[in-house]
Number of protein chains: 2
Amino acid sequence: MSMPLIIRQTIALFLFSFVAPGVKAENGYDLWMRYNKVTDNNLLLHYKKQLTSLAVPGTSATLQAAKRELENGLYGLLNTRIPIKQSISANTSFIAGTSVASPVISKEELGKLGSDGFIIKNYTGILTITANNDIGVLYGVFHFLKLLQTGKKIDSLNIISIPKLQLRLLNHWDNLNNTVERGYAGGSILNWHKLPGYIDKRYIDYARANASIGINGAVLNNVNSNAAVLTPAYLQKVKALANVFRVYGLKVYLSARFSAPIEIGGLTTADPLDATVQQWWKQKATEIYSIIPDFGGFLVKANSEGQPGPQDYQRTHADGANMLAEAVAPYNGIVIWRAFVYAAENPVDRHKQAYDDFVPLDGKFRPNVLVQVKNGAIDFMPREPFHPIFGAMPNTALMMEFQITQEYTGQSTSLVYLAPLYKEVLNSDTYSKGKGSTVARIIDGSTDNHTLTGMAGVSNIGSDINWCGHPFAQANWYAFGRLCWDYDLSSENIAEEWIRMTLTNNMNAVQKVRDMMLASREVLVTYMNPLGLHHIMGTGHHYGPAPWVKELKRPEWNPVYYHKADSTGIGFNRTVSGSNAIAQYAAAAQTQWKDMNTCDEKLLLWFHHVPWNHTMKNGQTLWNELCHQYYDGADKVKQMQQTWNSLQQSIDAEQLNVVAQLLKIQHEEAVWWRNACLLYFQTFSKQPIPATLEQPDKTLEYYKRLQFPFAPGN
Amino acid sequence: MSMPLIIRQTIALFLFSFVAPGVKAENGYDLWMRYNKVTDNNLLLHYKKQLTSLAVPGTSATLQAAKRELENGLYGLLNTRIPIKQSISANTSFIAGTSVASPVISKEELGKLGSDGFIIKNYTGILTITANNDIGVLYGVFHFLKLLQTGKKIDSLNIISIPKLQLRLLNHWDNLNNTVERGYAGGSILNWHKLPGYIDKRYIDYARANASIGINGAVLNNVNSNAAVLTPAYLQKVKALANVFRVYGLKVYLSARFSAPIEIGGLTTADPLDATVQQWWKQKATEIYSIIPDFGGFLVKANSEGQPGPQDYQRTHADGANMLAEAVAPYNGIVIWRAFVYAAENPVDRHKQAYDDFVPLDGKFRPNVLVQVKNGAIDFMPREPFHPIFGAMPNTALMMEFQITQEYTGQSTSLVYLAPLYKEVLNSDTYSKGKGSTVARIIDGSTDNHTLTGMAGVSNIGSDINWCGHPFAQANWYAFGRLCWDYDLSSENIAEEWIRMTLTNNMNAVQKVRDMMLASREVLVTYMNPLGLHHIMGTGHHYGPAPWVKELKRPEWNPVYYHKADSTGIGFNRTVSGSNAIAQYAAAAQTQWKDMNTCDEKLLLWFHHVPWNHTMKNGQTLWNELCHQYYDGADKVKQMQQTWNSLQQSIDAEQLNVVAQLLKIQHEEAVWWRNACLLYFQTFSKQPIPATLEQPDKTLEYYKRLQFPFAPGN
């Protein structure tokens, strides 16, 4: 290659990537809290007319934070510095404060709000944000700023907003050495080494971002936990974080290692029925609460993927959870016990294991225990049916666990908006108490009458300047929070909010980006795991396709275990003639899947081993349909690239360039998934890829040889 | 602790850390290239008067980068958008271009400039930046912007600037898994996984920052290397980086693992005299240069701390280096071979080992080999005498290796300005060719007539938003680059430049910060390693004091090996009655150290085992002086805190807060060093800490028990 060509390429790169002088490039750090100036002049006048004299009565740290957020937000949005007073006067046109400070709201209205809800309402010309507690006021302020960020009129507001779930938590899989398991956005934002002395500004902005979407708790460390986090030195670090987060309504939780009494307590056992073990945890809880009086509680992964747990002592998960629950109960702490179990000795369909372990324990957990269940029975696949535990443990408070970090959904090189995935699960009907017993109505406690409710998302946050690696991954953090607050919000509305706050208010661009986001998860499914295929990714790092892997020690570690391709067909028979995992669902739920000929084709190969020449609903054979879906998925990424590249007038140049580069990578990865999977499955189907489709330009052997020893997040 | 107290603390934190609305907080990302508006109105007018019509003739990528930098810089500094033309016209008042484009400079002047130098000169009203090559123009543009950033007049400039060293390199100890060995600023800025498809804007800003101080090469991966970086997939990633860096005059180099022919080549040996091995490296070099035609070359750490090397095959370092040098020679590549050797089987004073291994090889290295020597014989201690190899290998091109990352100098919680350390070494006289044979004049080739010259700094750059972890650590990157260009610059001037570009132009504040920086390294030495003590830090992570460690497998891993404290005294006798390492220095150099009674007391315990009651030059006993120095060092950090906290009017609030927090931590660490070391040494001296000094409030056992399993950078 000659030098001039290199230089030409370099120039092209720079012309593309460099921003005109004087234009502030957006690096993504500000998330959806950019507060850029309102560009519509009529709206600007409308806002300025209302916001003439503002008051935020109260001196608490949380109300001061609300005041600062308003000051900064309005300064950005209106490009005018509006001083905010502490006291209400005759000409006050805007009040944000608790009900004590804003007596204009009726007791009846306030009664509905609970601890976190808020009202935004115009009363005789005064715009009022009110709540029962300071945190509700802060939530209301963020909501109000969002109205301005998204161009809404504010002269006749009448908004009552109350969260549908009580615990709205992020789970950080952050290790104490600052790596993040399944993290694709750099290292941990938590600099444990410099804590407690050094408070990174990022901690404050993290808390602000969470408060802006109603998230009210964070589990700070990986569920594959290290007991060191429970030692006195680390508890001082946790305390420093709690002090920052408390202002924004975020409680801190810790992942507790079940064997901590041995590792840091000097005991010889961690048996939950052993009195010294019970005493150790009680003392530890007392110690923690003396340092952090509002500590949230423990999250525990036990007897799963090598983690210690009560089964090591022939005790049940309930025994383990209840012991910890008893320790934190005096302090109103809770225990969140994960149902993701995955033990070496269990020979049945992995799909069935959590249900088999947990359903018999229904009703045996203490009232301050929540069992946290992943959205599906396998592991955060691009598509799974809802987890059969939902609806099957009516006497246990069940908490949802979604994955925000994109372990299996394209990591940080793919634009995949996950709200449709979350909504698909939440809207799934368990039929546990008849039609309408949706997963959402299981976890919100309404179906089985629970008051302790919650949803957890495995964080996608890291030390990258833009927090999440991929600019659009921010939308998944945002959407998760919004759906915790109100699972009835539509994916479309959440996307639109996020786009308008984060990228652009140009409505043509908003629409294009929104449509791209809404389709993106299905696009991913189509080029990665069409028709219910699952768990066919690379070993360990889970990057890229590897359906051929079959030599790992445990059967369920191998992709071949899940796709079961052979000369007759492909797919996992989980019906009565197979593993019968389908029997874990209510009969009415089974109906949609149990017959190969009527099964929802999106999950066909999840539940059935299907002959290659099976006729699909559209008349194609299974093999040809598989080919067409893989090709269609990859083609659609190409279309996403084209859409994105058409938005140069509306999107910040730096963000435009970042996403353009990532979409190009995503297309290459989509073609890789398509070619590698089809070439491999073809060795069983013995059928050609339809001639109308562009044939793979690489061999199966080429794809099998690819190695990624340093892929992130492992 | 009651809740109200917590809340009060939290409020205090927030009031301190939160920036007023509308004021852009500085997060440190912009380094010394902030280009904030000139606040002195007279200066502003002065600049605007000169800069009326600008031209940057030329279309190369480097000149385009120079043009963009000028446009952006002037837009910030002058708050006016000044368009820059490509062609010179009658009213042009400013030209930046090569000599071809700026014929006003004489050939004689140009002849002096060489490939990288530049001239900035006013000719009949036209301000001209000229060089022989595009990169010289870019260097000149950065220098010119610096004049404006630091408030200099520009109406009668006559600057000729020519670098004193040819290779001005950063060595990154970045691993392919994105961790950084001895990195204290997050992970690697290089996202190997997303390369080559994703070009992070950070790569461009990294290259800009380096170009702004004249750094012209970067070794991208750790000297503890992984051969994978030489595989085709990684070379494509390296190529993508080279394409970005080339524009800014940065060449890429790689650390080569000596055993790569085995690990990725399928050979059974890496013997440098084996023909198949030689052939493998030649083919690898051909492959690399076909992909990156201007690849810089290889850096090698061999037969040191477990790394493979030629001695594994009973060959010499010269055999190893020359084999690689032959492979890259056809492409004008170079090999940089590290002299930091540290083999298990060598029983002599570790101080002597590199000299013993390398001096006999003098004259045996090929002309395209540089031997890279650490500044001292042990390992980047807060203070060491210069390395005895300097001056002892006149027939070998020697390159300096400094450490910018603060492995032993307070990591990222300490404000330590390293220019005085670098200058102390560079100004040290080796006496190899008589008085004046300073280390600087060894490495610049003037003493022994070498043309291949260079200096390397082990990078302190990471993925933290502010690049270096501690805001003041940026000054060490800056100072290293400036000293590579001109080692005669004073620490004081470099500090002042950096402060004015990075923190403030308020001269009262500049002076206070500069004085604090200039004293800071001596302060660190005083509370950490006074009087020539060294290598008494914690094992592995090197964080904090651990002089008591004595049970590590190899003797020279243990702090006790270095301080040799016993009932009679303390210090390492390296004179003729001891290890006689002093004999590796020229006789004239030895004079300053060889007699305990006249020895430079800053290195007293480096060269002598000194009785506890030895009378120091100030009349104190050694023990009392040791106590006073430790206390004085810690007290001075307290004074740094006070100085810093007095600067609220002049420094950005966010930066002010960050440094204030870190200085507080540094003071705690200084007290820890002081107490732990004195309590330990007291077990030998059996003497009290003078009663006038505040007595330690913790026991030696307390300090010994401290553990930091997750300290960074290990």
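Computed from a prediction, not measured in an experiment: that's the story for all the values here.

K.L.:
Looking at this structure, how should I read unusual backbone geometry?
P.N.:
Trans is the prevailing form of peptide bonds, just as negative phi is the prevailing case for residues other than glycine. All names here are of chain A. Omega for the bond connecting Leu-195 with Pro-196 falls within 30 degrees of zero, at 0°, which places this linkage in the cis form. Structurally, Pro-196 is set in the loop between β7 (167-171) and α6 (201-212). Backbone geometry places Asn-449, a non-glycine residue, at a positive phi of 65°. Among the structural elements, Asn-449 can be located in the loop between α13 (439-443) and β14 (454-458). One non-glycine residue, Trp-467, lies in positive phi territory at about 75°. Residue placement: Trp-467 occurs in the loop between β14 and α14 (474-485).

K.L.:
I'm lost on the pairing of strand β10 (residues 297-300) of chain A in this one. Help?
P.N.:
The side chains of a regular strand alternate between both faces of the sheet. Residues and elements named next belong to chain A. Bridge count between strand β9 (residues 251-255) and β10: three bridges; the pairing is parallel. Directly across from Ser-255, in β10, lies its bridge partner Leu-299. For the crossover from β10 across helix α10 (residues 317-328) to strand β11 (residues 334-338), the handedness is right-handed.

K.L.:
What is the right way to look at the packing of aromatic side chains in this model?
P.N.:
The relative placement of two aromatic rings is captured by the distance of their centres and the angle of their planes. All names here are of chain B. All chains considered together, the criterion is met by 73 aromatic pairs over all chains. With centroids separated by 5.3 Å and ring planes inclined at 50°, the aromatic side chains of Tyr-206 and Phe-245 adopt a geometry described as tilted. With Tyr-206 in helix α6 (residues 201-212) and Phe-245 in helix α7 (residues 232-246), the pair connects residues that are 39 residues apart, well separated along the chain. Overall, the relative accessible area of 1% leaves Tyr-206 in the buried class. Ring geometry for Tyr-680 versus Phe-684: centroids 5.2 Å apart, planes at 80°, classification edge-to-face.

K.L.:
Honestly, the sheet that holds β11 of chain A in this entry has me stumped. Any pointers?
P.N.:
Pairing between sheet strands relies on hydrogen bonds along the backbone, with the strands arranged either parallel or antiparallel. Residues and elements named next belong to chain A. Spatially, the eight strands close up into a barrel ordered β7-β8-β9-β10-β11-β12-β13-β14, and their pairing is parallel. Pairwise comparison of adjacent strand axes, ignoring direction, gives a mean angle of 25° for this sheet. Note that β10 and β11 share four bridges and pair parallel. Across the sheet, Val-300 pairs through a bridge with Trp-337, a residue of β11. Relative to the sheet, α10 contacts β10, β11 and β12 (369-374), its axis offset from that of β11 by approximately 160°.

K.L.:
Explain the pattern of salt bridges to me, please; I cannot follow it from the model alone.
P.N.:
All names here are of chain A. Tallied over the entire structure, the rule returns 66 salt bridges over all chains. The shortest N-O distance in the salt bridge between Asp-632 and Lys-636 comes to 3.0 Å. Placement of the pair is Asp-632 and Lys-636 together in helix α20 (residues 622-645), with a separation of four residues, close to one helical turn. Through salt bridges with shared partners, a single ionic network connects Glu-492, Glu-496, Arg-500, Arg-514 and Asp-515.

K.L.:
Looking at this structure, how should I read the packing of helix α5 (residues 134-149) of chain B against α6 of chain B?
P.N.:
Pairs of packed helices are described in terms of their axes, by the angle between the two and the distance that separates them. Residues and elements named next belong to chain B. At a closest axis distance of 9 Å, the pairing of α5 and α6 adopts a crossing angle of 80°. The angle between α5 and α6 places the two elements in the roughly perpendicular class. Across the interface between the two elements, Leu-138, Tyr-139 and Phe-142 of α5 pack against Arg-208, Ala-211 and Ser-212 of α6. The residue makeup of the contact of α5 with α6, split by class, is four nonpolar, one polar and one charged.

K.L.:
Would you take a moment to explain the environment of Leu-647 of chain B for this structure?
P.N.:
Among the secondary structure elements, Leu-647 of chain B is positioned in the loop between α20 (622-645) and α21 (653-685). Along the chain, Leu-647 of chain B and Met-381 of chain B lie 266 residues apart, while their C-alpha atoms are 31 Å from each other.

K.L.:
Before we go on, may I ask you to explain the environment of Gln-307 of chain B in this structure?
P.N.:
Here Gln-307 of chain B is to be found in the loop between β10 (297-300) and α10 (317-328). Those residues in contact with Gln-307 of chain B that sit more than four places away from it in its chain are Val-223, Asn-224, Ser-225, Arg-257, Lys-301 and Ala-302 of chain B.

K.L.:
What should I look at first to understand the side chain of Thr-62 of chain A in this one?
P.N.:
Looking at the element boundaries, Thr-62 of chain A is found in helix α3 (residues 61-78). Note on Thr-62 of chain A: relative accessible area 11%, which makes it buried.

K.L.:
Help me out: how do you make sense of the pairing of strand β3 (residues 94-98) of chain A in this one?
P.N.:
Residue and element names in this part refer to chain A. Of all five residues making up β3, five are buried, and the element is well covered by its neighbours. Sheet analysis places strand β1 (residues 54-55) next to β3, joined by two bridges and oriented parallel. Paired with Ala-55 across the two strands is Ile-95, which belongs to β3. Pairing analysis gives five bridges linking β3 to strand β5 (residues 126-131), with the strands arranged parallel. Following the sheet pairing, Gly-97 is matched in β5 by Thr-130.

K.L.:
Even after reading the chapter, I still don't get helix α9 (residues 275-291) of chain A, so can you show me in this structure?
P.N.:
An α-helix turns once per 3.6 residues; consequently, residues spaced three or four apart project the same way. Residues and elements named next belong to chain A. Taking 1.5 Å per residue as the helical rise, α9 with its 17 residues ought to reach 24 Å, and the 24 Å between its terminal C-alpha atoms agrees with that figure. Among the residues making up α9, those that are buried are Val-277, Trp-280, Trp-281, Lys-284, Ala-285, Ile-288, Tyr-289 and Ile-291. Each buried residue of α9 lies within a common arc of 160° when the element is viewed along its axis, so the set occupies one face. Those residues of α9 hidden inside the fold are in contact with α7 (232-246), α8 (260-263), β10 and α10.

K.L.:
Whenever I open this one, helix α16 (residues 507-528) of chain A confuses me. Can you help?
P.N.:
Residue and element names in this part refer to chain A. For α16, spanning 22 residues, the distance from its first C-alpha to its last is 31 Å, which sits close to the expected 32 Å at 1.5 Å a residue. Of all the bends in α16, the greatest, near 40°, is centred on Ser-520. Looking at where α16 begins, the residue whose side-chain oxygen comes 3.0 Å from the main-chain nitrogen of Asn-508 is Asn-506.

K.L.:
What exactly am I supposed to notice about the packing of helix α9 (residues 275-291) of chain B against α10 of chain B here?
P.N.:
Residues and elements named next belong to chain B. Look at α9 against α10: their axes get within 8 Å of each other, and the N-to-C directions meet at 40°. The orientation of α9 with respect to α10, classified from their angle, is oblique. Regarding α9 and α10, the two cross each other, and that crossing is right-handed. Facing Val-277, Gln-278, Trp-281, Lys-282, Ala-285 and Tyr-289 of α9, the residues of α10 in contact are Met-323, Leu-324, Glu-326, Ala-327 and Val-328. Its residues assigned to classes, the contact of α9 with α10 shows eight nonpolar, one polar and two charged.

What counts, and where the lines are drawn
Residues numbered from 1 in each chain as written. Chains lettered and ligands numbered in written order. Predicted model: local features only at pLDDT ≥ 70, side-chain atom pairs only at ≥ 80, totals over all residues. Heavy atoms only, no water. Helix = DSSP H or I, 4+ residues; strand = E, 2+ residues; numbered from the N terminus. Pairing = 2+ DSSP bridges. Right-handed = clockwise from strand over helix to strand, strands pointing away. Phe/Tyr/Trp six-rings, centres within 6.5 Å; stacked < 30°, edge-to-face > 60°. Buried < 20%, exposed > 50% of the residue type's maximum accessible area, 1.4 Å probe, protein only. Axes fitted to C-alpha atoms, helices over the stretch in contact; angles between N-to-C directions. Contact = heavy atoms within 4.5 Å. Salt bridge = Lys/Arg side-chain N within 4 Å of Asp/Glu carboxyl O. Parallel < 35°, antiparallel > 145°, perpendicular 65-115°, else oblique. Nonpolar A, V, L, I, M, F, W, Y, C, P; charged D, E, K, R; others polar. Expected span 1.5 Å × (residues − 1). Arc of directions from axis to C-beta. Bend = angle between axes of the 7 residues up to and from the residue. Polar contact = N/O pair within 3.5 Å; in protein donor to acceptor, adjacent residues only side chain to side chain. Left-handed = near helix turned anticlockwise from the far one by under 90°.

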